[in-house]
Amino acid sequence: MLSALLLSFAVIFVAELGDKSQLMAMTFALRYKWYVVIGGITVATTVVHLVSVAVGHFLGVSIPTEAISIVGGLAFVVFGLWTLRGDSLSDDEGAKASRVTKSAFLAIASAFFLAELGDKTMLATVTLAADNDWVGVWIGSTVGMVAADALAIVLGAVLGKHLPERMIQYGAAILFFVFGAVLFFEGLMPGTSAPYVAAAVVVAISALVVAAVFVRRSRSDAPQEVEKRSTTEDV
């Protein structure tokens with residue numbers, strides 16, 4: 001069991017480096033508390049890898065994931081729109097803040113669950129469980145993925161302290177839209193370059209929209225600056 005645990009930990013940790021799940025973890029960490037993000041990831045990873053070892057050890061077959069990818073893509077679009085809308089909370093709304101934390105936890109857990117189904121880390125776990133102790137593979141793969149995503153969470157938390165709130169909001173929403181496009185077209189047109197083309201189109205359109213928003217705001221702020229200067233000169 002120990003050898004299976006160490007092997008699966010190393011394989012999944014390396015496979016997760018640079019994976020979309022790490023970028024997802026960093027994105028969520030920009031918006032929510034690190035312990036909420038790590039909790040959601042841990043729950044989702046535990047469940048997904050339990051399914052993986054069951055498939056690899058007991059069934060030895062793969063499961064179709066196209067429909068799941070499409071649903072996951074649509075879910076990420078919803079997350080992006082939710083991020084753009086923002087959370088309207090006042091400081092004294094403790095009960096409402098608790099509900100937002102709970103909904104964020106559920107959103108993170110469901111997002112990672114959908115994203116990991118059919119991902120290369122799941123397929124790697126299925127393969128490992130077919131030839132190794134399934135309990136060791138389950139524990140090792142779960143810990144390996146959480147450890148890799150924890151690195152991204154630390155980076156996201158650090159960036160969140162140094163970037164403007166509006167920039168974080170737009171950046172996180174764009175990343176969610178990119179994830180959604182990739183997952184949707186991976187399910188709709190598997191084995192093609194459509195997911196990458198869709199991601200590039202989403203990034204280009206988002207960049208244009210964000211630029212237009214900032215230009216409009218700078219123009220609307222310009223008359224106010226002029227009025228402030230004239231008022232100061234009159235005084």
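Structure first, text after, so check above.
Residues numbered from 1 in each chain as written. Predicted model: local features only at pLDDT ≥ 70, side-chain atom pairs only at ≥ 80, totals over all residues. Heavy atoms only, no water.

Along the backbone of the protein chain there are nine helices and zero strands. Each helix (α) and strand (β) of the protein chain, taken in turn from the N terminus, gives the series α-α-α-α-α-α-α-α-α. Counting only residues that meet the buried cut, the protein chain has 40% of its 235 residues in that class. The contacts of the protein chain with a sequence gap of at least 6 include a subset with a gap of at least 24, amounting to 87%. If you sum the accessible surface of the protein chain, you get close to 12,700 Å²; carbon and sulfur atoms cover 70% of it. (Helix = DSSP H or I, 4+ residues; strand = E, 2+ residues; numbered from the N terminus. Buried < 20%, exposed > 50% of the residue type's maximum accessible area, 1.4 Å probe, protein only. Contact = heavy atoms within 4.5 Å. Areas by Shrake-Rupley, 256 points an atom, 1.4 Å probe, with all protein chains shown as cover.)

Another point: the packing of aromatic side chains. Within the structure shown, the criterion is met by six aromatic pairs. A centroid spacing of 5.9 Å and a plane angle of 15 degrees characterise the contact between F9 and F13, whose relative ring orientation is stacked. With a gap of four residues between them, F9 and F13 both fall in helix α1 (residues 2–16), about one helical turn apart. Three or more aromatic residues joined by ring pairs form one cluster here, namely F28, Y32 and F112. (Phe/Tyr/Trp six-rings, centres within 6.5 Å; stacked < 30°, edge-to-face > 60°.)

Taking 1.5 Å as the rise per residue, helix α2 (residues 20–31) with 12 residues should run 16 Å; its terminal C-alpha atoms sit 17 Å apart, in good agreement. Among the 12 residues in α2, 10 count as buried, and that is most of the element. (Expected span 1.5 Å × (residues − 1).)

In this section: the side chain of S52. Position of S52 relative to the elements: it lies in helix α3 (residues 34–59). Contacts of S52, omitting those with residues within four sequence positions, involve M122, T125 and V126.

What follows covers a nonpolar patch on the surface. A cluster of nonpolar side chains, M1, F9, I139 and V143, forms an exposed patch at the surface whose accessible area comes to about 330 Å². For V143, the location among the structural elements is in helix α7 (residues 134–162). Residue V143 is classed as partly exposed on the basis of its relative accessible area of 44%. (Patch = residues over 30% accessible without salt bridge, like charges linked within 9 Å, V, L, I, M, F, W, Y side chains within 5 Å. Salt bridge = Lys/Arg side-chain N within 4 Å of Asp/Glu carboxyl O.)

Moving on: α1. For α1, with 15 residues, the first-to-last C-alpha span of 21 Å sits near the 21 Å given by 1.5 Å per residue. If you check which residues of α1 are buried, you get A4, S8, I12, A15 and E16. Seen along its axis, α1 keeps its buried residues to an arc of 90 degrees; they face one direction. Exposed and oriented more than 90 degrees from the buried face of α1 are L2, S3, L6 and V14. (Arc of directions from axis to C-beta.)

Before going further, it helps to spend a moment on the nonpolar core. Ranked by internal contacts, the top residues of the largest apolar core, which has 29 residues, are F28, I41, F76, I108 and F112. Of all elements in the fold, only α2, α3, α4 (66–85), α5 (94–116), α7 and α8 (165–188) reach the threshold of two or more residues within this core. Considering every element that reaches this core, the biggest residue donor is α5, with six residues. Among all residues touching I108, those that are not within four sequence positions of it are F28, Y32, V36, V37, G40 and I41. A173, F177, A181 and V202 belong to the second largest nonpolar core, which has eight residues in total. (Core = buried A, V, L, I, M, F, W, Y, C linked by side-chain atoms within 4.5 Å.)

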